Amino acid sequence: MGELIAFYLLAGIAVATALAMVITRNAVHSALFLVLNLVVVAVFYLLLGAPFVAMVQIAVYAGAVMVLFLFVIMMLGAERVGGTTGLRWQVPLAGALGAALIGGTLFAFLRAPAGLAPVGSPPVPFGDPAAIGERLLTTYVLPFEITSVLLLIAMIGAVVLARDSGPEGK
Amino acid sequence: MVTLTHYLALSALLFGIGAVGFLIRRNALIIFMCVELMLNAAGLAFVAASRYRGLLEGQLTVFFVLTVAAAEVAVGLALMVAIFRTKRTTNVDELSGLRG
Amino acid sequence: MAPFLVEAAIKSLILVLLLLTGFAYLTLAERKLIADFQARIGPNRAGPYGLLQPLADAVKLFFKEDFIPEYADRVLFVLAPLITLIPTLLIFAVIPFGPELTLFGYRTRLQLTDVHVGVLYIVAVTSISVYGITLAGWASNNKYALLGGIRASAQMISYELAMGLAIVSVVLTTGTLQVSGIVEAQRNGWLIFLQPVAAVIFFITGLAEIKRAPFDLVEAEQELTAGYLTEYSSMKFALFFMSEYVKMIGFGALMTTFFLGGYLGPFVDLYPGLGVVYFTLKVGFLIFVLIWLRATLPRIRYDQLMSLGWKVLLPLSLANVMGTAVVVALTA
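Caption draft 1: Highlighting the overall build of chain A. Within chain A, the regular secondary structure consists of six helices and zero strands. Reading the secondary structure of chain A in the N-to-C direction produces α-α-α-α-α-α. Out of the 170 residues in chain A, the part that is buried amounts to 36%. Of the contacts made within chain A by residues no fewer than 6 positions apart, 51% connect residues no fewer than 24 positions apart.

Shown next as structure tokens:
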């Protein structure tokens, strides 16, 4: 029961912050709501027995990616650029499509009986860093290496794109 | 008892909110954040599935998604800075010219 | 469930109280020591040897006008000091202050919680501690404050990487992510002797992360009046002030835990209580070094800060991680 209450509480926060992020006018506030959302999802990861992923989520997403976002927003002074204006029919259409998307997926999830079955508690060292590290460097070593190449490319790309004046944008 | 369906439903909800935000917002930076929100929702579904199926692969996927997202943000924000430098805006409606 | 919660509550209460008094007297110690370094007398009016000075400061701050600029983002302006303080307090949750001991017939560890991803937790919490200052700068709606905030985020992103890599070499050497495990692994020798390069990198990057001199560009008085603090007064200023000193203690505690053997010392197995004494002494020494550095070194320039972080510390720490990995792989 306590688990269920915790779930609904956290889920409420997650949905509220996501909505606030989409609705709020100010890009800095949006970024902060997204940070809150990311932290709540990290708490879900902890509840789901994935401490490693949870900590990486906070360190990389909330700690680095979103700081970079804030940095760029503040540096460009782009807090209030562009509201929800644009094409007039776009907002209701987007809302309808979004509702259809959510409705459809919810319908599929709720109907599938396999999705309802809670598998018993997992083995104790489930998401621990050692297990993840071992799997990463044995079975999934190829994607792991490709990711490192991707990161290198991204770094070079960011440097090339943001060049021409000073050390901005990373 | 919190079942997998709870988590999947939450994930679908978050993904949907992100998708709607992606469609209605005009600030490229916020559109970007909506993409992050959707990635994050998918990550939640992966970790939940990983827990309920007893497989580690879901968590590994999220790990990879995190890395790719970090790379994507680095390049995307660099692009945004470059665009802002020439156009003085990040409103996607005003970024319709083909010449830089 | 319940005894665990009670234990955690008692421990956190003691921890917070200790940190609060530690903060109060750290301000006095810093002023006294700086005065000594500069051949002045320092505060000596409030009580014997100025011992009541922190109290007087607190009362003074309490009665100052609590000012919010008209065009500030009011909510974030009020929240920013709290957002700064909370991560600095969170760090202490995983730091072991002493070995396992029996207290009133109850066997416990002098550590709030010993999670098995403790090191990752530390990295995660330090990485979110930048928000408070950045937001304070932005919410003030003042150009000096904004510049301070932007500098803070750039500085912390730049130095976080090298700091993380220094911690990675510690983890590689000890083979554990559990903070208590790292301390226990130093029984045969402190890590500062095994990992001198990592220790130096951690010290420098730590200085930059807590924005102490010579890395205090964020609040450089001469260029930015007071940086992100420009618009803050009264209790909100006090909160920033407090988090700055708590960060000093936190930095000392982390450095001690990672490189100076934590609570370990002679006879600590016979008298576990001694662990706390050793820990306090080591942290005290590190804080003394911090104050000493502040009195000695001039502030570095912004371009020097960036080139030191990206061109010196980052490659050095990468090389150190590689070297450590090779040695660990060969000796394992």
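Text resumes after the structure shown.
Caption draft 2: Geometry of the overall build of chain B. A count of helices and strands for chain B gives three helices and zero strands. Written out in order from the N terminus, the α and β elements of chain B read α-α-α. By the compact-globule yardstick of 13 Å for 100 residues, chain B is too spread out, its C-alpha radius of gyration being 17 Å. Each of the three principal axes of chain B carries a C-alpha extent, and together these read 55 × 25 × 15 Å. Buried residues in chain B amount to 59% of all 100 residues. Sequence separation of at least 24 residues holds for 49% of the intrachain contacts in chain B that already meet a minimum separation of 6.

Caption draft 3: Just the nonpolar core, in detail. Ranked by internal contacts, the top residues of the largest apolar core, which has 172 residues, are Ala-31 and Phe-69 of chain A. For this core, the element with the highest residue contribution is helix H3 (residues 51-76) of chain A, accounting for 22 residues. In terms of domain composition, this core takes at least three residues from each of domain 1 (1-81) and domain 2 (128-170) of chain A. Every residue in contact with Phe-69 of chain A, bar those within four places of it in the chain, is listed here: Ala-31 of chain A together with Leu-29, Met-33 and Leu-77 of chain B.

Caption draft 4: Structural view of the arrangement of the chains. Pairwise contact counts over the two pairs of chains in contact peak for chains A and B. Looking at chain B next to chain C, you find no contact at all, with the nearest C-alpha pair sitting 13 Å apart.

Caption draft 5: Quick look at helix H2 (residues 28-53) of chain B. All names here are of chain B. Its 26 residues place the ends of H2 38 Å apart at the C-alpha level, agreeing with the 38 Å of an ideal helix rising 1.5 Å per residue. Taking burial as the measure, the 26 residues of H2 include 21 buried ones, the bulk of the element. Positioned one or two residues after H2, Gly-54 has a phi angle of 70°, which is positive.

Caption draft 6: Focus on the interface of chain A and chain B. Opposite the 76 residues of chain A that make contact, chain B presents 63 residues. Every element with two or more residues in the side of chain A that touches chain B is listed here: helix H1 (2-23), helix H2 (27-47), H3, helix H4 (90-111), helix H5 (129-137) and helix H6 (141-161) of chain A. Taken together, the residues that form the side of chain A that touches chain B break down as 54 nonpolar, 18 polar and four charged.

Caption draft 7: Seen up close, the interface of chain C and chain A. The interface is formed by 19 residues belonging to chain C together with 18 residues belonging to chain A. Of all the secondary structure elements, the ones that give two or more residues to the side of chain C that touches chain A are helix H4 (118-128), helix H5 (130-139) and helix H6 (143-174) of chain C. Taken together, the residues that form the side of chain C that touches chain A break down as 14 nonpolar, five polar and no charged.

Caption draft 8: Focus on the environment of Asp-269 of chain C. Residues and elements named next belong to chain C. Relative to the helices and strands, Asp-269 resides in the loop between helix H11 (234-259) and helix H12 (274-296). The exposure class of Asp-269 is exposed, given the 11 C-beta atoms found within 10 Å. Taking C-alpha positions, Asp-269 is 30 Å from Lys-247, a pair spaced 22 residues apart along the chain.

Definitions and limits used
Residues numbered from 1 in each chain as written. Chains lettered and ligands numbered in written order. Predicted model: local features only at pLDDT ≥ 70, side-chain atom pairs only at ≥ 80, totals over all residues. Helix = DSSP H or I, 4+ residues; strand = E, 2+ residues; numbered from the N terminus. Buried ≥ 20, exposed ≤ 12 C-beta atoms within 10 Å, placed from the backbone. Contact = placed C-beta atoms within 7 Å. Rg over C-alpha atoms; globule rule 2.2 N^0.38 Å. Core = buried A, V, L, I, M, F, W, Y, C linked by C-beta atoms within 7 Å. Domains from an automatic or database assignment. Expected span 1.5 Å × (residues − 1). Nonpolar A, V, L, I, M, F, W, Y, C, P; charged D, E, K, R; others polar.

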